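So the chains spell out like this:
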Amino acid sequence: MTEASQHSPATVRLTVAQALVRFLSVQYTERDGVRQRLIPGAFGIFGHGNVAGVGQALLQNALDPADGEESLPYYLVRNEQAMVHSAVGFSRARSRLQTYACTASIGPGSTNMVTGAALATINRVPVLLLPSDIFATRRPDPVLQQLENPGSPEMSVNDAFRPVSRFWDRITRPEQLITSLPQAMRVLTDPAETGAVTLCLPQDVQAEAHDFPVELFRERTWHVGRPVPEPAALERAVAAIRSAQRPLLVAGGGVKYSEASQALIDFADATGIPVADTQAGKGAIPADHPCAVGGVGSTGSAAANALAAEADVVIGVGTRYSDFTTASHTAFAREDVRFVNLNVASFDAAKHSAEMLVADAREGLTALTGALSGHRVSEEYAAEAHQLAQEWARTTAELTRPAASPERQLPAQVEVFGALNELMGAEDVVINAAGSMPGDLQALWRAAGPDQYHLEYGYSCMGYEIPAAIGVRLARPESERQVVAIVGDGTYQMMPTELATIVAEGLKVIVVVLQNHGFASIGALSESVGSQRFGTAYRMRDDSGQLAGEYVGVDLAANAASFGVRTVTASSIDDFRGAYQQAAAAPDATVIVIETDPVGPNPPATNGWDVPVAEVARLESTQRAYEEYARLRARQRHYL
């Protein structure tokens, strides 16, 4: 044996795809002493771009795994965008400590994942995307589904992932995998940096063999830390909070991802500071807690928004302050309002010129509670906040109670939500994303715990709900826990195909479809901006040439049943309650279809949202809407 060979590292000859699968199978995360697989499986659809590469590697993993190679189960889905949503749903349910890999073929198979990538990155949720790419060698250039760029031959449609990914790389040589994979895992497991991680895989490189170092495939544990507050920053934050007469805490999704709900409850118990929530943070503090005041912002509760309007210090914990949370910079109305932002990401902690407390949410809240020992808000302020919350609870009960009026033939969707809120337990999960439902749910849903409320409202992507239910069920396989996806008919028609995946995998989920013959949310928004609900209802084209005729007769129940899932139609709230109870008791999936009133009623608006209105118009409805819009704009401000 030569001296050189004595010191050469041991290698194993594998294709790039085989090396990728073997590496992913032995990656773990650890937080608080709990260790688990980072990538426990893969979603995918095979095409000519990945069937002989990643497809072969996953098959080999299933039938003939190498020594030390863990199983990486493969789930065949029906839509590439949907599988990214499923991965996001899974990761959120696992507190961002695990996610799935998603493999797609070149061309449309890959670009279908771009929307999912944006959704993941906007919501700060890790997903691993493996879009196949054109030949690195360019031997058969151009290949099927290749977009040619005369000015840049190395560019492909996968460059579209760059702006929506937190990490992006294209593996054009096998040895690049050795440095790229650890970098990708770092981003997936970094709470401050996480989002979509995209590794573009040219189809020829996937199948190319290389002598990889055996060391690459040893088990690795990525320790997810809990950064503690810097003492001086903690001191500044505490001083600001102690100086406040009317503080308000806004709980965002970071509280739930950090599993900091108990720390938040302890903080509220100790200080008496009212706690509002965002869409991502709802449930971080139970709705019946004395300090809980409900959702804040454009679709928030009257209680939270009344307190926000007069808050002198806003304590944002794990929130990115979307325009719905700030009501387009009108919610926090005092001229002297100040912010204290506790966030694991300095980017979000710095918003609104805040006192920055860059730390893990749980560690930061615990530190604040200790440093504020003995400090409480005044009894008068605590009583005011509690009274406002109680008044809103009564409003909620009244809005969600079935209407006794015979004038309304169809139930309102808020009545469906009220029934669900009563029927679902604290461990059950309700999933929603887009349309008018998130607004009603944020205002009215009384979440019993941090896992119950699963709303995707960073990207508000229609079609998220049914695929996300797959991910949540895989993350929470206990049969007694109900996973309920609520969709309108508009969202349903965009992404019903994953019902087939649900049936194929034998997953127990409940899908509630509200048939309201169009886009109820945008219909209401259209009306508010003077556009008269134009183009928002599913109607036949009439003699005038407009879409104003009879409703299009789509039978949603028959469509759902065609996928092989048990389907029930309810005609009243009582019918719906019975259907839900049967679905909860059933061993397999159920779709419940109920027709609802497309025009409400809905919760009273207690804050605004900036959607520009035409400055000039011949339509009187638009002219009136612009006058209202001008009043909203006059209330906007920069929080400096």
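The notes below deal with the structure included here. Because the structure is a prediction, the values reported are computed rather than measured.

## Details of the overall build of the protein chain
Counting its regular elements, the protein chain contains 24 helices and 23 strands. For the protein chain, the C-alpha radius of gyration of 26 Å lies close to 26 Å, the compact-globule estimate for 640 residues. For the protein chain, the spread of C-alpha atoms along the principal axes amounts to about 85 × 70 × 55 Å. Counting over 640 residues, the protein chain shows a buried share of 57%. Partitioning the contacts of the protein chain with sequence separation of at least 6, the portion at a separation of at least 24 is 76%. Split by element, the accessible area of the protein chain, about 25900 Å² in all, is 52% carbon and sulfur.

## Considering empty space enclosed by the protein
Picture a little ball the size of a water molecule; that probe, rolled over the atoms, points out where space is still empty. Inspection of the entire model under this criterion finds 4 cavities of 30 Å³ or more. Considering only enclosed or pocket space, the largest cavity measures out at about 60 Å³ in volume. Around the largest cavity sit Leu14, Gln18, Val21, Arg22, Ala57, Gln60, Asn61, Asp64, Pro65, Ala66 and Glu69, which together line it. Secondary-structure elements contributing two or more residues to the lining of the largest cavity are helix H2 (16–25) and helix H3 (54–63). When grouped by side-chain class, the residues that make up the lining of the largest cavity number 5 nonpolar, 3 polar and 3 charged. Lining the second largest cavity, in full, are Leu20, Val21, Leu24, Ala42, Phe43, Val54, Leu58, Leu72, Ala101, Cys102, Thr103 and Leu130. Here the residues of the lining of the second largest cavity are counted per class, giving 11 nonpolar, 1 polar and no charged.

## Quick word on the nonpolar core
Counting 62 residues, the largest nonpolar core has Leu249, Leu264, Val293, Phe332, Leu365 and Leu368 as its most contacted members. Discounting residues that sit within four places of it in the chain, leucine 365 has contacts with Leu249, Ala260, Ala263, Leu264, Phe267, Val317 and Leu342.

## Describing the pattern of salt bridges
Under the criterion given, the structure shown has 28 salt bridges. The partner of glutamate 175 in a salt bridge is arginine 173, and the shortest N-O contact between them spans 2.9 Å. Relative accessible area serves as the criterion here: at 47%, arginine 173 is assigned to the partly exposed category. Salt-bridge contacts for aspartate 360 lead to arginine 226; the nearest nitrogen and oxygen are separated by 3.0 Å. Remark: arginine 226 occurs in the loop between strand S11 (220–223) and helix H9 (231–242) and aspartate 360 occurs in the loop between strand S17 (355–358) and helix H14 (361–371); sequence separation between them is 134 residues. Residue aspartate 360 is classed as buried on the basis of its relative accessible area, which comes to 6%. Within this structure, Asp32, Arg226, Asp360, Arg362 and Glu363 form a network of salt bridges that share partners.

## Side note on the pairing of strand S12 (residues 247–251)
The element S12 is extensively covered by neighbouring structure, given that 5 of its 5 residues are classed as buried. Side chains Pro247, Leu249 and Ala251 of S12 all project onto a buried face; the interleaved residues Leu248 and Val250 project onto the opposite face, where all are buried too. Across 3 bridges, the pairing between S12 and strand S13 (residues 275–277) is parallel. By the bridge assignment for S13, valine 250 is matched with alanine 276.

Parameters and conventions
- Residues numbered from 1 in each chain as written.
- Predicted model: local features only at pLDDT ≥ 70, side-chain atom pairs only at ≥ 80, totals over all residues.
- Heavy atoms only, no water.
- Helix = DSSP H or I, 4+ residues; strand = E, 2+ residues; numbered from the N terminus.
- Rg over C-alpha atoms; globule rule 2.2 N^0.38 Å.
- Buried < 20%, exposed > 50% of the residue type's maximum accessible area, 1.4 Å probe, protein only.
- Contact = heavy atoms within 4.5 Å.
- Areas by Shrake-Rupley, 256 points an atom, 1.4 Å probe, with all protein chains shown as cover.
- 1 Å grid on protein atoms, 1.4 Å probe; cavity = no way out; pocket = protein on both sides within 12 Å on 5 of 7 lines; lining within 4 Å.
- Points joined across faces, edges and corners; volume = space filled by probe spheres on them.
- Nonpolar A, V, L, I, M, F, W, Y, C, P; charged D, E, K, R; others polar.
- Core = buried A, V, L, I, M, F, W, Y, C linked by side-chain atoms within 4.5 Å.
- Salt bridge = Lys/Arg side-chain N within 4 Å of Asp/Glu carboxyl O.
- Pairing = 2+ DSSP bridges.

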